[in-house]
Amino acid sequence: MTAWGGWASMGGGRTKFVNVSKLALRDMLHETILTLCLILAVAAVLTPIILLAAVKFGFIDSLRRDLIADPTFREIRPSAADLRQAAFFDEVAAWDGVRYIVPSVMLTPREVTVEIDKDGKRDRDRIRLMPSGVTDPFMEKLVGAPPAGDSVVATASFLEQYQLEIGAQVELVIERIVGDARQRQTMMATIGGVVPAETQPQPTLFGDSQLDSDVESYRAGVAVPGRGWPGVMQLPVQAYDAIIVSFDGPPGERVLSDLRIKVGAPTITALDAAQLVDQFGLGGSPAAGWQATRGTHFVMLENRGETYSGRDLQTAQAIADDRAGKAYGYAKPGAGTIAGVEHAFQGVWTDLFKPVTPLATVWTYNQKAAFQQVNGVLLPESLRSSIAALGGAPLTARFHGEATSSTPELELPLRLLGYHAGDTVLVNPALLAMVARGRDIKLAYDSANQSLAELSSGYRGFRMIAETLEDVPVLADRLVAKGVPVQARSDAIIRLQRLDRSLDILVAMVAGVALIGGWAVLSSNFFANVQRKSRDIAMFRLVGLSRGSVFMFPVFQSIVIAFIGFLFSLVFYWAASWVLNTFVVGELGFKGELARLTPEIMATFFLVTIIGALVSSLFAARATTQIDPAEAVRNE
Amino acid sequence: MIAEAAVPLQDEHEVVLRIEGLEKRLVSGTRSFTLSVPTFALERGKFYGLVGKSGSGKSTFLDFLALVAKPTKLDLFEITDPANPAGTVDLRRALEANDDALLSRIRHSFLGYVLQAGGLFNFLTTRQNLSLPAEIAGRTPDWAVIDAFAKQFGVYSEYDKKPSGLSGGQRQRVAILRALSLRPALVLCDEPTAAVDESMANIIVQELRELAMSLGSTIVMVSHDIDLVSSVADVIIEMHPQMLSENDVISVCRT
C-alpha cells in the first residue's frame, strides 16, 4: 500500500487557491447587500481617521513649511552684548546644525540713514543694515549679486518703496555724536541684488561684514583708514592684573570676605611690607632702597588671570574705606625696547612706596587718566648717555605682548621724567594697565588724538542660521551652555514639535479606538457569517475542501472587503478634503492645503487596513476549521 | 457480543472498499449505541442499498464511509480505485492520524455525496455547483460529459439558475450529477429521494443507477423505503439493532 499520491498531483495548489478564492468571491456577490454593508462599515471607520490624519499632516506640514521657508525662524541671535573674537565664531561655525554664522559689531543690527536721489527728488529714510554674505540662507532667493564691498542687497520692500531697481545707487549716511557735535560720513552704495519679502519683510539693507565693521567702528569713534573716516579721542581702558589694598592694621575677616568682588574664584593673599616690595619687582633694586610708606598690612586680590577694571578698583576702595584702607591697581611688569635695548617696565605707585632717593614725580591712581597723563617714565641711570645720544629725538618704546595677544606689538611715545638709581624703567602702573588691555583688544596709537585707540573691540552680536528647525533649540541650548544667552524662535519651534507630537498621539488614539471598534465590528460579523454559513462550510468539507482551504475562506473575504472599503474611504476622503481645501481653508485664513495625504501615509493606512481585516478574520477563520463535515449531513 | 461478518468478500470481483473490525460507540448520558461492522466490502460498479430502522446506525455508518466520523475500533480500512495510480490506500492510519489533507483529497477524488435535499450551494448557479468538485480538486471540469448527462437529466437548460430556482427533482438531479461529475469510485447517497414524491423518487434512483453504472461507480444508498431500494439495489445491507441491556444497543451490519 502506498500513500494517496496520485490524486494529489491532479491539480496545483495555486489553482485550488484561485478556485477557493473564486468561491469566496461568489459567496460575497450572492450576498451583495450584506457585503456592501460591510464595505461601507470599513469605509465609515477609515474615512474619518484618514481625514483626521490628513488634516493633522496638512496643518502641521503647512506650518512646518512656512517655518522652514522663512529663515528668520532658524535664526539665533545673542541677547547680551558680550564681546566675542573671531576664534569664537570659527569654533561655533564648525558645530553640527550650523548653516551660517556672521558676526556683527553691535548686538542688534542698527539703522543707517539712506538718501536716494530719484527723478530730481531726494528721499531720506532710516533703514536697517545687517551683515550678511554669499552663504547666508537669507540670500537663497537672491536675485543679483550678494553683498560685497560697497555693493549691498536690498529687500524687495525697500526697492518697491522707492521704486528702485538693481544697479541703483543710494547714499549711506553714518552719523555719530562726539561731545556736543554731530559728525557724519557718507558713502555711495550700489544695490547689487534683491531678496523677496518672504525672506525679510521689513525694508533692510544687507552689507558684508566689513561694511558693518566700518560703520560701527566709525560710530564708536574708531578711525576707519580704508574709507578715510577719522576716529575720536578715547580714554584708554585700564586692565589691572590684581588689586592691592593697604591697611594700617589687620583688615578683619568681614572686609576680606567683601573684597572677593569678582565672580569666579578670586584669591586673596596677605603680604607683608617686604613681600609687597618684591611683588612690585622692587626688591632687586637695592640701590634705590624701596620701602612701603603707607600701611602695615597688605592683601592682593587675584582672579585666575581675569583683569580688574577701574570700576572694580572703585568697588574695592569702597570696601577698604571701612578700615581706612587704600586700593591700588597692580599691573604685571611689561617688556619692551627703548632705543633698541630690551628693558623691563615696572609700574609703581609712588604714594605706596618711597625710594631712598626722592623721585621727580608722583604717580597716583586716576581711573579717567588720558594717555598723555600716564606716559611719563623714569629711566635707569645707566641709560642717560644713550638717551643723550638721541639728541632730543622723541622717546618711544615698543612693548611686546604674547604671540596670542590681540596686540602683540605696540609702539608708544613716552615722556622722559628723569632717571633713577635702579635698573628697570619705572612707569605709572596705569600705562602698563592700558597696554595690558591690548591682550584682549587690538590697540594702536592714535597720533591725531595723541591717545591709545581700540581698533577692533570684537563683536557684540551675531546672526546664526540653523540647518533645520529641529537644530534651533539644540543650538540655542548649546550656546547658553557656553555662556552665550540667546534669543531664538525655539519656543515657536518647540510648540510646533509639541503640537505635532500631541496631534500624533491624538490621531493615534482616535485611530486606535476606531480601529478597535472596526475590528470588533468586522470580527463579530465574520464570526456570525461563519455561524450562519456553517452548513455550507460543512458541505465544503464534505465535498473535499481541506481545513486550510476553508480557513482561507473568511480570510480572503475580509481582505477583499478591506481593500474595497479602503478604496471607498479614499473616495470619501477625496470629497471631504476637496471641501476642506477649497472652502474651509479660506474661512480659516490658512495658507496651503488643510488636508494632505502623502503616499507614505496612504500606504500605511492601506497596510493597517489589510492587516486589521486579516486579524479580524482569524477568529472566524479558526471557527471554520472546527466545523465538522458531518454537520452537512445532519443539517440537510 | 458482535455478530459475524454479514457481507462475504467476493474475490472474483473488483473490491473498491474493504473494512474489517469496525466499531463505533456513541454514548449519550447513561445510554450507549454501538455500530458493529465485522467485515464489509464494496465491489466496483454495484448498487448497495443500506436499510434499517430509525436509529439503527445507517447515517453513522455512512458518515464513516464518508470519512467524517472516527471509529472507536477499526482493524482494516482500505480503498482501491483504478483512477488512482498509487494503488490501495490504508485509511485506518489516515483516520487515526486525522490526516486532514489526505482525507480531504480522498473525499473529493474517491467519493461522491448526494444528500437528502441535494446539498447544493445556494450561492452558486447550477453550472457552478456542477463544476465545484473539479474546482476543489484543482481540475478542469469535463463539460462534454457533464453537459451530456445534464441533457439526459433535463437540467441542461437550468445551468444559470441557482438552487432556489429549481424544483425538488431538479435539485436532486443536479446533486447526483455533481456527485458523479468527477467519476468517483464510490457515491454515497443519504435518502436522496426523501424530498420528492414517490414517482419522482423512482425516476431519480433509476437515473442514478444508470448514470453510476455507466461510469463504473459503486453506489451506497441509505433509505427507509425497502421497496425503492429493492427495485434498484444489487445488494441490500441491513442494519440490525439489538438491545444488550436496557440502555445498551448494538447494531450489526448484515446483507
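Residues numbered from 1 in each chain as written. Chains lettered and ligands numbered in written order. Predicted model: local features only at pLDDT ≥ 70, side-chain atom pairs only at ≥ 80, totals over all residues.

Focus on the overall build of chain B
Part 1: Of regular secondary structure, chain B possesses eight helices and 10 strands.
Part 2: A buried classification covers 48% of the 255 residues belonging to chain B.
Part 3: Relative to all contacts within chain B whose residues are 6 or more apart in sequence, the contacts with residues 24 or more apart total 74%. (Helix = DSSP H or I, 4+ residues; strand = E, 2+ residues; numbered from the N terminus. Buried ≥ 20, exposed ≤ 12 C-beta atoms within 10 Å, placed from the backbone. Contact = placed C-beta atoms within 7 Å.)

Observations regarding the environment of Arg18(B)
Residues and elements named next belong to chain B.
Part 1: Take Arg18: it is sitting in strand β1 (residues 15-28).
Part 2: For Arg18, a count of 17 C-beta atoms within 10 Å gives the class partly exposed.
Part 3: For the pair Arg18 and Leu42, spaced 24 residues apart in sequence, the C-alpha separation works out to 6.6 Å.
Part 4: Sequence-distant contacts of Arg18, that is, excluding residues within four places in its chain, are made with Ala41, Leu76 and Glu78.

Observations regarding the pairing of strand β14 (residues 326-330) of chain A
Within a regular beta strand, the side chains point alternately toward one face of the sheet and then the other, so they alternate between its two faces.
Residue and element names in this part refer to chain A.
Part 1: Taken across its five residues, β14 has four buried, putting it largely inside the fold.
Part 2: The pairing of strand β10 (residues 242-247) with β14 spans five bridges and is classified as antiparallel. Following the sheet pairing, Ser246 is matched in β14 by Lys326. (Pairing = 2+ DSSP bridges.)

Some points on the nonpolar core
Part 1: One finds Leu177(B), Leu186(B), Leu188(B) and Val220(B) to be the most contacted residues of the largest nonpolar core, which totals 122 residues.
Part 2: Sorting elements by how many residues they give to this core places helix α2 (residues 32-69) of chain A first, with 13 residues.
Part 3: Once residues within four sequence positions are removed from consideration, Leu177(B) is found in contact with Leu130(B), Ile146(B), Phe149(B), Ala150(B), Phe153(B) and Val155(B). (Core = buried A, V, L, I, M, F, W, Y, C linked by C-beta atoms within 7 Å.)

What about helix α12 (residues 471-481) of chain A?
Residues and elements named next belong to chain A.
Part 1: Every buried residue of α12 is listed here: Asp471, Val472, Leu475, Ala476 and Leu479. What you see down the axis of α12 is that its buried residues fit within an arc of 130 degrees, all on one side. Exposed and facing more than 90 degrees away from the buried side of α12 are Val480 and Ala481.
Part 2: The inward-facing, buried residues of α12 contact β1 (75-78), β2 (98-104), β24 (461-466), β25 (486-488) and α13 (490-532). (Arc of directions from axis to C-beta.)

Some words on the sheet that holds strand β21 (residues 425-427) of chain A
Residue and element names in this part refer to chain A.
Part 1: In space, the six strands of this closed barrel follow the order β15-β16-β21-β18-β20-β19, with mixed pairing throughout. Across the sheet, the mean angle from the axis of one strand to that of its neighbour is 45 degrees, orientation sign disregarded.
Part 2: Summarising the sheet, strand β18 (residues 376-380) and strand β20 (residues 409-420) pair through five bridges and their orientation is parallel. Note on β20: the bridge partner recorded for Leu379 is Tyr419.
Part 3: The strands touched by helix α11 (residues 429-436) within the sheet are β15 (334-338), β16 (341-347), β19 (395-400), β20 and β21, with β16 carrying the most contacts at an inclination of about 110 degrees. (Axes fitted to C-alpha atoms, helices over the stretch in contact; angles between N-to-C directions.)

Regarding the sheet that holds β25(A)
All names here are of chain A.
Part 1: Here four strands make up an open sheet; going across it, the order is β2-β24-β1-β25 and the pairing antiparallel. Pairing within the sheet leaves two strands with one partner each, and these edge strands are β2 and β25. Put simply, the sheet's adjacent strands are angled 20 degrees from each other on average, direction ignored.
Part 2: The sheet contact formed by β2 and β24 spans six bridges and is antiparallel. Residue pairing across strands places Pro103 opposite Phe462, the latter belonging to β24.
Part 3: Its contacts with the sheet put helix α3 (residues 86-93) on β2 and β24, and the angle it makes with β2 is roughly 170 degrees.
Part 4: The strands touched by α12 are β1, β2, β24 and β25; relative to β25, the strand with the most contacts, the crossing angle is about 170 degrees.

Examining the pairing of β24(A)
Residues and elements named next belong to chain A.
Part 1: The element β24 is extensively covered by neighbouring structure, given that six of its six residues are classed as buried.
Part 2: Here β24 shows no split at all, with Gly461, Arg463 and Ile465 on one side and Phe462, Met464 and Ala466 on the other all buried.
Part 3: Pairing between β1 and β24: two bridges, direction antiparallel. What sits directly across from Ile76, in β24, is Met464.

Notes on the packing of α13(A) against helix α16 (residues 599-626) of chain A
Residues and elements named next belong to chain A.
Part 1: Orientation of α13 relative to α16, taken along the N-to-C sense of each, is 25 degrees, at an axis distance of 8 Å. Considering the angle they form, α13 stands roughly parallel to α16. The way α13 lies across α16 gives a crossing that is right-handed. Contacts between α13 and α16 pair Leu515, Gly518, Trp519, Leu522, Ser523, Phe526, Phe527, Asn529 and Val530 from the former with Gly612, Ala613, Val615, Ser616, Ser617, Phe619, Ala620, Ala623 and Thr624 from the latter.
Part 2: In the contact of α13 with α16, the residues fall into 11 nonpolar, seven polar and no charged. (Parallel < 35°, antiparallel > 145°, perpendicular 65-115°, else oblique. Left-handed = near helix turned anticlockwise from the far one by under 90°. Nonpolar A, V, L, I, M, F, W, Y, C, P; charged D, E, K, R; others polar.)

Digging into unusual backbone geometry
Residue and element names in this part refer to chain B.
Part 1: With a phi angle near 65 degrees, Leu67 is a residue other than glycine that sits in the positive phi range.
Part 2: With respect to the secondary-structure elements, Leu67 resides in the loop between α1 (58-65) and β4 (76-79).
Part 3: Looking at Leu67, the number of C-beta atoms within 10 Å reads 24, which means it is buried.
Part 4: The residue Glu191 is not glycine, and still its phi comes out positive at about 45 degrees.
Part 5: A residue is classified by how many C-beta atoms lie within 10 Å of it, and Glu191, with 21 of them, is buried.

Describing the confidence of the model for chain A
Detailed reading of predicted coordinates is not advised where the pLDDT is low.
Part 1: Averaged over every residue, the pLDDT of chain A is 83; the share at 70 or more is 93%.
Part 2: In the model, residues 1-11 of chain A has pLDDT below 50 throughout and makes 28 contacts with residues more than four positions away in sequence or in other chains. (pLDDT = per-residue confidence, 0-100.)

Regarding helix α6 (residues 168-180) of chain B
Residues and elements named next belong to chain B.
Part 1: Counted at 1.5 Å a residue, the expected span for α6 with its 13 residues is 18 Å, and the 18 Å between its end C-alpha atoms agrees.
Part 2: Among the 13 residues that make up α6, 12 are buried, leaving the element largely enclosed by the rest of the structure.
Part 3: Buried within α6 are the following residues: Gly169, Gln170, Arg171, Gln172, Arg173, Val174, Ala175, Ile176, Leu177, Arg178, Ala179 and Leu180.
Part 4: Those residues of α6 that are buried lie in contact with β6 (111-114), α4 (126-137), α5 (143-153), β7 (186-190) and α7 (198-215). (Expected span 1.5 Å × (residues − 1).)

Digging into the confidence of the model for chain B
Residue and element names in this part refer to chain B.
Part 1: Per-residue confidence for chain B averages 83 on the pLDDT scale, and 89% of its residues sit at or above 70.
Part 2: Between the elements of chain B, mean pLDDT differs from a low of 70, seen in strand β10 (residues 248-254), to a high of 91, seen in strand β8 (residues 218-222).
Part 3: Here residues 1-12 scores under 50 on pLDDT; set against residues more than four positions off or in separate chains, the count is 22 contacts.
Part 4: For this predicted complex, the interface confidence score (ipTM) comes to 0.82, while the overall pTM stands at 0.57.

Thoughts on the packing of α4(B) against α6(B)
Residue and element names in this part refer to chain B.
Part 1: It is at 7 Å that the axes of α4 and α6 come closest, and there the two elements cross at 30 degrees. When the interaxial angle is binned, α4 and α6 end up roughly parallel. The two elements α4 and α6 meet at a crossing, and its hand is right-handed. Seen from α4, the contacting residues are Thr126, Asn129, Leu130, Leu132 and Pro133; seen from α6, they are Val174, Leu177 and Arg178.
Part 2: Among the residues making up the contact of α4 with α6, the classes are represented as five nonpolar, two polar and one charged.

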